[in-house]
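# An overview of the molecular structure
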Amino acid sequence: MLPDIILSMNMKFPEEWHKKDLDYSSDQDEFLKGGRFRYRRLKRYSILLTAIVAITPLIIMTIINSHQYQKALKADLIYPISRQTSNTRRSLESFIEERRAALDLIIKEKNYEELYDHDKLANTLRHLKESIDGFIDLSLIDSRGKQVAYVGPYRLEGRNYSDQDWFHEVSIKGVYVSDVFLGYRDSPHFVIAVVHEKANADYYILRATIDSEMLYRKILSQILRPTSDAFLVNKEGILQTPSADHGKVLEKSAIPVPPYSPHSEVLEKKDADNNLYILGYAYIENSPFILMEVIQPEAFMQNWLTMRNNLVWFLGISIILILIVIVWGSFHMVNKIREADVKRIKLLHQVEYTNKMASIGRLAAGVSHEINNPLAIINESAGMLNDILSVGDAFPMREKVSKSVNSILRNVDRCSRITHRLLGFAKRMDTKIESLDIHELITEVLGFLEKEALHRNIKIDTNFPDNLPAITSDRGQLQQVFLNILNNAIDAISEGGKIDIDVKLRKNDKIDVIIKDTGRGISKQDLERIFEPFFSTKKEHGTGLGLSITYGIVQKLGGKIAAKSKVGEGTTFTVTLPVEAPITEEQ
Amino acid sequence: MQDLEILLVDDEEELVSTLADRLEFRGYHADAVLSGAEAIKMLGQKKYDVAVVDVKMPEINGIEVMKMMMKLQENIKVILMTGHGSTEEGEHGMSEGAFDYMVKPINLDILISKIKTAAGVRE
C-alpha cells in the first residue's frame, strides 16, 4: 500500500514547484514575467484614462472661458461703438438738417426778387455764414435750370443745370442733398437745394454749396482715436470725407457698403488679410451719406491676446503638472499593485508549500505508525525463528532458512529506518536556535562519515576561512542537512573519489558551504526533481526524503540551497546560511 | 533474574505472544495480555516486576494503563512501547512515570537489557 501512496503523492507536485525549488535564488518577479505586458498596459491605460478625465474638462473650461472672455471683451467694445455711431449719426443729421432748415427759411422769407438781387443775396449769404458755418456759396436757379443769381467765391453766374440729375430730383422732391463732388469748384463739397413754388405754378430753387470738409472737421474728427477711423461714404461706397486709413475723398472705400438699416449697427468684419475689425455704421437720414466707424482689432485684440496668452500658459503649465502627477501616480500605483501581486504569489507559494509539508507530515506519521506495528510482529516472528534455529538440531537447508530469516530481519531494520526518517520529515519543523561554529559542526558531521569514506577510499578536503564568525542556527538540523548532502556525495562516488568542502563568508552576513563531489552526477531531468519529496535516484536504497528534508530545513533556517551537476563529472551543492537565522513565530 | 515476572500488554496479539515466546525462550517468564483491562485484571491476581506496555491501544491507552498499574502495584516498573516511530510519546510516558520506552520494531536484546535494568533498580 505504501508505494501506491508515495506514487500518488509524487504525482501531486506541480511542475513549477520543483522548478522553483531548483533555483531558489531566482527572483519572484519571474513568476510575473508573463504579466509584465499586463502591467505596462495597465500603466498606459491608467495614464491615458486619468489624463483624459483630468485634462479634457480643463481644456473645455479654458475654451469656454476664452470664448466668454472674448465675448465680454467684444460686448464691452461694441456697446460704446454703437453709442458713438448713434451719437455721430445724430450730429450729422443735425448738421445737414440745420443747413436745410436755414435755406428753407430763407426761401420762404424772401421773395424771388430779393433772392435775385445780387447784393441782397450776398448779404443773405454773409448773414448765413455768420450764423452757420460751412456755407461756401448761395445761388438762385429758375425752373428752367438756369442759375439766375450767384454769390460766392467762383464765377458761376449763368450756369445751366437743367441737364443734371440733381436738378430734376430737387424739382420733384422739393429738397435735395447731393453726394460730395468736385464740380466746377474743384474742391469737395456737397449741395443742399430747396424748392419754392410761385403762385403761377412756376418754381425756383435756392441752392447752397456746403464744404464737406466741415463734416469731417466738426464731427468726424471728434470721434477719431489712434485705432479707429470715421468717414462718410455714399451708397456706392465712394468716400465722401477724408479718412485716416481708408482712402481720400471720392476714392472707392475698401470696405463694402453695409446693408441698409434705419438704426445704428455694429458688425464684426474681416478685411482682405483676414484681420478682424469692428464696423459701426449708420445711414444718415435725408442724405446719401453713410457714416462708417472702423475700429482696428488691436484695440481689443491686445487685451484679448494677453488674456489668450495667459490662458495658454496656464493651460500648458496645468497640463504638464497634471501629466507629471498622473504619470508618477500611475507608475506608483501600478508598482504597488505589482508588489502586492508579488507578495501574494510568494505567500501563495509559501502556503502551498507549507500545506504540502503538513499533509506529507501527517501522512508520514500515520503511515509510519501503521507500518511499525506489523514490522514489529515480523521482527519478533523472525527473531523467534532465529532463536529456534540457534538451539535446534541441524536439518537440511538450515543454512538457507537462517539466511532467509536474517534477510527478513535486515529488511525489517531497513523499513524501520524508512519509517523513522518519514517521522523525522514530519517533525523537522521544530527548531532550536543557538550560537554555533560551522567549522566545528561540519567536522562533527564528518566524524560520522570518516570510516565510510576511508573504507571506500574517498578523500575529503575542507577549506575553512580563518575569520568565520559563529552563526546562530539549529545545530541538530544543520547536522542533518550536511549529513544528508555528504551521505549523497559518498553514495554518488563509486570508489576513490573526492569531496571538497569549501566554506566562504559572503559580504552580506551570509555563509556559503559548497560541497562538491566527483561522483557520477545527476541528469538534468533528475536535477529538477531532487528536492521533491519521495524522489530518489538510489532506487531501492533511498527513501527520497533526504534532500527534501534538507531543502525544508535550510529554508526554515533562512537559507538557500542550490545544486549544479554534470553527469560523469560530479555534483555541487551550495548551502547559503545567514549568520543569524531568522526567529520565526514557531521558534 | 530468571524469576522475574514480566507482563506484556499490546492489542497486537501476534506481537505480544511472539514476544512472550521469545522471552520464554531466553529464560524469562512473561504473561501476554491484549488490553489495558486484562492487564489490570492480571495485576489483581499476580505481582509483576516489569510491565512492557504499548502506548497506543483501543479503549484505554498505554499511559493510562501504566498509571493504573502503578496505583495497584507501586513498585512495578513500566517500559512503554511506541509504534509511532518517534521518541516523543516515549518521553511523554517517562514524564508520566514510565521507567523507559522502546520504539517498535523492538530489539529483543535491548528490551531484555532494559527489563534487567528496571528490575535491578527495584532491587
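Nothing here was measured: the structure is a model prediction, and the numbers come from that model.

Assigned secondary structure in chain A consists of 13 helices and 16 strands. Across the 587 residues in chain A, those meeting the buried criterion constitute 29%. In chain A, the share of contacts with a sequence separation of at least 24, taken over all contacts with a separation of at least 6, comes to 64%.

Moving on: the environment of A:Y154. Residue and element names in this part refer to chain A. Positionally, Y154 belongs in the loop between β2 (147-151) and α6 (165-173). When the 16 C-beta atoms within 10 Å are taken as the criterion, Y154 is described as partly exposed. On a C-alpha basis, the gap between Y154 and I136 in space is 9.6 Å, while along the polypeptide they are 18 residues apart.

With that settled, consider the pairing of strand β7 (residues 265-270) of chain A. Residue and element names in this part refer to chain A. Sheet topology places β7 next to strand β8 (residues 276-283); six bridges connect them, and they run antiparallel. Each bridged residue has a counterpart across the sheet, and for L267 the counterpart in β8 is L279. Linking β7 to β8, which pair antiparallel, is a turn of five residues; within it N274 sits at a positive phi near 70°.

Looking now at the nonpolar core. In this structure, A:L92, A:A193, A:L206, A:I290, A:L291 and A:M292 are the most contacted members of the largest nonpolar core, which totals 56 residues. If we ignore the near neighbours within four places in the chain, the residues touching A:L206 are A:L103, A:I106, A:I107, A:L115, A:L140, A:A193, A:V194 and A:H196. Within the second largest apolar cluster, 47 residues are counted, among which are B:L19, B:A32, B:I63 and B:M66.

This part is about the confidence of the model for chain A. Looking at chain A, pLDDT values average 82 and 87% of them are 70 or higher. Taken together, the stretch residues 1-34 of chain A has pLDDT below 50 and engages in 34 contacts with residues farther than four places along the chain or on a different chain.

By convention, interface size is frequently given as the accessible area that disappears when the constituent parts associate. Between chain B and chain A, the residue contacts involve 16 residues of the former and 19 residues of the latter. Here the element with the most residues in the side of chain B that touches chain A is helix α1 (residues 13-25) of chain B; it accounts for seven residues. Here the residues of the side of chain B that touches chain A are counted per class, giving six nonpolar, five polar and five charged.

A word on unusual backbone geometry. Cis geometry is found at the peptide bond from B:K104 to B:P105, where omega equals -10°. On the secondary structure map, B:P105 appears in the loop between β5 (100-103) and α5 (108-122). With a phi angle near 60°, A:N286 is a residue other than glycine that sits in the positive phi range. By the secondary structure assignment, A:N286 is in the loop between β8 and β9 (290-295). One non-glycine residue, B:E59, lies in the positive phi region at around 65°. With respect to the helices and strands, B:E59 occurs in the loop between β3 (50-54) and α3 (62-72).

Here is what the cut-offs are and how they apply
- Residues numbered from 1 in each chain as written.
- Chains lettered and ligands numbered in written order.
- Predicted model: local features only at pLDDT ≥ 70, side-chain atom pairs only at ≥ 80, totals over all residues.
- Helix = DSSP H or I, 4+ residues; strand = E, 2+ residues; numbered from the N terminus.
- Buried ≥ 20, exposed ≤ 12 C-beta atoms within 10 Å, placed from the backbone.
- Contact = placed C-beta atoms within 7 Å.
- Pairing = 2+ DSSP bridges.
- Core = buried A, V, L, I, M, F, W, Y, C linked by C-beta atoms within 7 Å.
- pLDDT = per-residue confidence, 0-100.
- Nonpolar A, V, L, I, M, F, W, Y, C, P; charged D, E, K, R; others polar.

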